[in-house]
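# Secondary and tertiary structure notes
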Amino acid sequence: MHGLINRAIQAFVTDTYGEGRWKSVMDLAGLGFVEFEAMLIYPDDQSFKVLSAMETVLDRPLAEMLEDMGTFLVSNPQAEALRRLLRFGGVDYVEFLHSLDDLPDRARLAVSDLHLPTLELIEQAPGQFELICAQGLPGYSNVMMGILRAMADDYGDLVILDHVGVRDGADIISITHVESQFAEGRSFSLGAHSL
Amino acid sequence: MMTPEQLSEFADQICPMHVIFDASGRITSVGPTLRKLRPDFKWTGQDFFEIFAVSRPRWVRSVGDMLRSAGVKLHMNFSSEPQTGLKGVLAPLPAGGGFLNMSFGISVLEAVRDYDLTSADFSPTDLTIEMLYLVEAKSAAMEASRQLNMRLQGAKIAAEEQAFTDTLTGLKNRRALDHVLSRMIETGKEFALMHVDLDYFKQVNDTMGHAAGDAVLQRVAQVLVDCTREVDTAVRVGGDEFILLLDGLTDAETLERIANRLIECLEEPVPFEGKLCRISASAGTSLAKEARPRDAATLIHQADLALYAAKNAGRGQHLFYQPNMEMMG
């Protein structure tokens, strides 16, 4: 699995639970190292060992932690670059949702060996969507759920999210867009990034 | 046929950075994004060349030149600050005058920041947003790579350091000696090579054990470092053999003083678990000077001869290499 994904897991655990807990997780996972490198590729089973060690050490359901990780990735100042890249997807939340179809391609454009499973947004009615998260990365839909929630906050919109099950091996998230500009979102300026 | 108003409205939709001017060069219509760059301007009626300076092609200096430039890529910038660079292409209008469509070109990164532009300021078909995305994504990825490189570099330095260090004493090891010595020879500097061999060390090891021997060696390393300068190199070349490279130092008197002080310090007993370990040392020095042989093997060999001459002379002594030692050796 790409180092960026492993590194994201590390950043989330370290920031939320502390360095000590992360070390315990890595000790239990038994990989022989503590730190992941963002720009290296690791065998998938190493990531799975870390995730299962997290469940034991942190004593929380994995799905719940992964959703928190999605939120963390958008809302934590450490990961500001990712939040900005997601905000490039659209000027409002609905446009952002539509841009998710391009997300795996966009990710690959940035980091050519980062492969994310396909995402497909279906608009069932105005304000009512389903996001189909293809299989290939266990827990992907949990992380996406957290990202969708945090991005709604980022835009200041009110949404209701729900896992509605599995169809043809793909996880389905239902998204109800209740209100735009429900609260004050975070500002986004195209040129804020110092070049 | 479209009225000028219709054309202007139409152009606002498709080309948010257009300028339309009449046959005399007076501006009649300007796209919304361009207007945003100069919100205080009264655009209509202004002379095109009052607002913009065309830099390339150089022959474009008048409205007539502009109209003749149809289809050619034009480079221009605002005459006023900030002189944002723009590129454009012109098509003459049937009714006279021209329609100029512009974009930021490579200056877009600064422009977005300077004018606080948003996605809405770019035509949906414009790839600027994608480009900005890419610039940021690549910068972020590059930054991650750079940090990886820095960590690898740090690890490499540490590994090299380790490969060149004697673990027991912290002094340089044989591998480091070869490295430093050949570099000193290459640069043509003068220096002295002092070979130091401990006396009675074997007795300490045999009677008081290896732990005592190790303590002595660590003490020796400390003395070697204390008695030399930062620029000098202290190496443990074997069990109880050491080599000092004394940078820029070939003065016999000074070297003699250093050697004697070294031996004196090494003769101070080292306490270990309630007992005292006593050793001494012999030393031989060869000099790397202009006229002398300048290869590592010869220098080490000469220092060896001097060392053995010192040992034969009764230990606890220091001698310089002399050519007549070759016979004795």
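Residues numbered from 1 in each chain as written. Chains lettered and ligands numbered in written order. Predicted model: local features only at pLDDT ≥ 70, side-chain atom pairs only at ≥ 80, totals over all residues.

## Things to note about the overall build of chain A
Looking only at helices and strands, chain A features eight helices and four strands. In sequence order, the secondary structure elements of chain A are arranged as α-α-α-α-α-α-α-β-β-α-β-β. Taken over 195 residues, chain A has a buried fraction of 31%. Taking all contacts inside chain A whose residues are at least 6 apart in sequence as the whole, residues at least 24 apart take part in 58%. (Helix = DSSP H or I, 4+ residues; strand = E, 2+ residues; numbered from the N terminus. Buried ≥ 20, exposed ≤ 12 C-beta atoms within 10 Å, placed from the backbone. Contact = placed C-beta atoms within 7 Å.)

## A look at the overall build of chain B
Summing up its helical and strand segments, chain B has 12 helices and 13 strands in all. Looking at chain B as a whole, 32% of its 329 residues qualify as buried. Long-range contacts, defined here as pairs at least 24 residues apart, represent 52% of the contacts in chain B between residues at least 6 apart.

## Some words on the interface of chain B and chain A
It is common to give the size of an interface as the accessible area that goes away when the parts come together. With 21 residues of chain B at the interface, the matching set in chain A holds 17 residues. Contributions of two or more residues to the side of chain B that touches chain A are made by helix 5 (108–115) and helix 6 (128–163) of chain B. Broken down by element, the side of chain B that touches chain A gets its largest block of residues, 13 residues, from helix 6 of chain B. Looking at the side of chain B that touches chain A residue by residue, the class counts come to 14 nonpolar, three polar and four charged. (Nonpolar A, V, L, I, M, F, W, Y, C, P; charged D, E, K, R; others polar.)

## Thoughts on the environment of B:Leu93
Residues and elements named next belong to chain B. Considering the arrangement of structural elements, one finds Leu93 in the loop between strand 5 (85–92) and strand 6 (98–103). Counting along the chain gives 73 residues from Leu93 to Ile20, while the straight-line C-alpha distance between them is 8.9 Å. In this structure, Leu93 is in contact with Gly98 and Phe99, ignoring residues within four places of it in sequence.

## Brief notes about the confidence of the model for chain B
In this model, chain B carries an average pLDDT of 91, and 98% of its residues clear a pLDDT of 70 or more. The complex prediction reports pTM at 0.65, with the ipTM value standing at 0.72. (pLDDT = per-residue confidence, 0-100.)

## As for the environment of A:Leu121
Mapped onto the fold, A:Leu121 is located in strand 1 (residues 119–125). Placed 51 residues apart in sequence, A:Leu121 and A:Ile172 show a C-alpha to C-alpha distance of 9.8 Å.

## Remarks on the nonpolar core
The biggest cluster of nonpolar side chains holds 73 residues, and the ones touching the most others in it are A:Met69, A:Leu131, A:Met144, A:Ile147, A:Leu148, A:Met151 and B:Val19. For this core, the element with the most residues is helix 8 (residues 140–155) of chain A, which contributes 10 residues. Counting 48 residues, the second-largest nonpolar core is a separate cluster that includes B:Ala192, B:Val235, B:Leu249 and B:Leu262. (Core = buried A, V, L, I, M, F, W, Y, C linked by C-beta atoms within 7 Å.)

## Focus on the sheet that holds strand 4 (residues 74–78) of chain B
All names here are of chain B. Spatially, 2-1-6-5-4-3 is the arrangement adopted by the six strands of the open sheet, whose pairing is antiparallel. Among the strands making up the open sheet, the edge pair consists of strand 2 (27–30) and strand 3 (52–56). Geometrically, the sheet is characterised by an average inter-axis angle of 30° between neighbouring strands, direction not taken into account. In this sheet, strand 6 lies alongside strand 5 in antiparallel orientation, the contact comprising six bridges. The residue bridging Leu90 from the neighbouring strand is Leu100, located in strand 6. (Pairing = 2+ DSSP bridges. Axes fitted to C-alpha atoms, helices over the stretch in contact; angles between N-to-C directions.)

## Concerning helix 3 (residues 44–58) of chain A
Each α-helix turn comprises 3.6 residues. Residues three or four places apart therefore point the same way. Residue and element names in this part refer to chain A. For helix 3, with 15 residues, the first-to-last C-alpha span of 21 Å sits near the 21 Å given by 1.5 Å per residue. Those residues of helix 3 that sit buried are Ser47, Val50 and Met54. Angularly, the buried residues of helix 3 cover 55° about the axis, an arc narrow enough to put them on a single face. Opposite the buried face of helix 3, at more than 90 degrees from it, the exposed residues are Asp45 and Thr56. (Expected span 1.5 Å × (residues − 1). Arc of directions from axis to C-beta.)

## Thoughts on helix 4 (residues 62–75) of chain A
Residues and elements named next belong to chain A. Helix length check: helix 4, at 14 residues, gives a terminal C-alpha distance of 20 Å against a target of 20 Å (1.5 Å per residue), a fit within 8%. Listing the buried residues of helix 4 in full gives Met65, Leu66, Glu67, Met69, Gly70, Phe72, Leu73 and Val74. On its buried face, helix 4 is in contact with helix 1 (3–17), helix 3, helix 5 (80–87) and helix 8.

## With respect to the sheet that holds strand 7 (residues 191–199) of chain B
Within a sheet, each strand pairs with its neighbour through backbone hydrogen bonds, oriented either parallel or antiparallel. All names here are of chain B. Taking strand neighbours across the sheet as the criterion, the five strands line up as 8-9-7-12-13 in an open arrangement whose pairing is mixed. Looking at the sheet topology across the chains shown, the edges are occupied by strand 8 (233–236) and strand 13 (318–320). Ignoring strand direction, the axes of neighbouring strands in this sheet form an average angle of 20°. Sheet topology note: the strand 7/strand 12 (residues 280–288) ladder contains nine bridges and is antiparallel. What sits directly across from Met194, in strand 12, is Thr285. Helix 7 (residues 174–187) rests against strand 7, strand 8, strand 9 (241–247) and strand 12 of the sheet, and its axis sits at about 25° to strand 9.

## Section: the packing of helix 7 (residues 103–110) of chain A against helix 6 of chain B
The relative placement of two packed helices comes down to the angle between their axes together with the axis-to-axis distance. It is at 8 Å that the axes of helix 7 of chain A and helix 6 of chain B come closest, and there the two elements cross at 55°. What the angle tells us is that helix 7 of chain A and helix 6 of chain B run oblique. Listed contacts from helix 6 of chain B to A:Arg106, A:Leu109 and A:Ala110 of helix 7 of chain A are B:Tyr133, B:Leu134, B:Ala137, B:Lys138 and B:Ala141. A breakdown of the residues in the contact of helix 7 of chain A with helix 6 of chain B according to their chemical character gives six nonpolar, no polar and two charged. (Parallel < 35°, antiparallel > 145°, perpendicular 65-115°, else oblique.)

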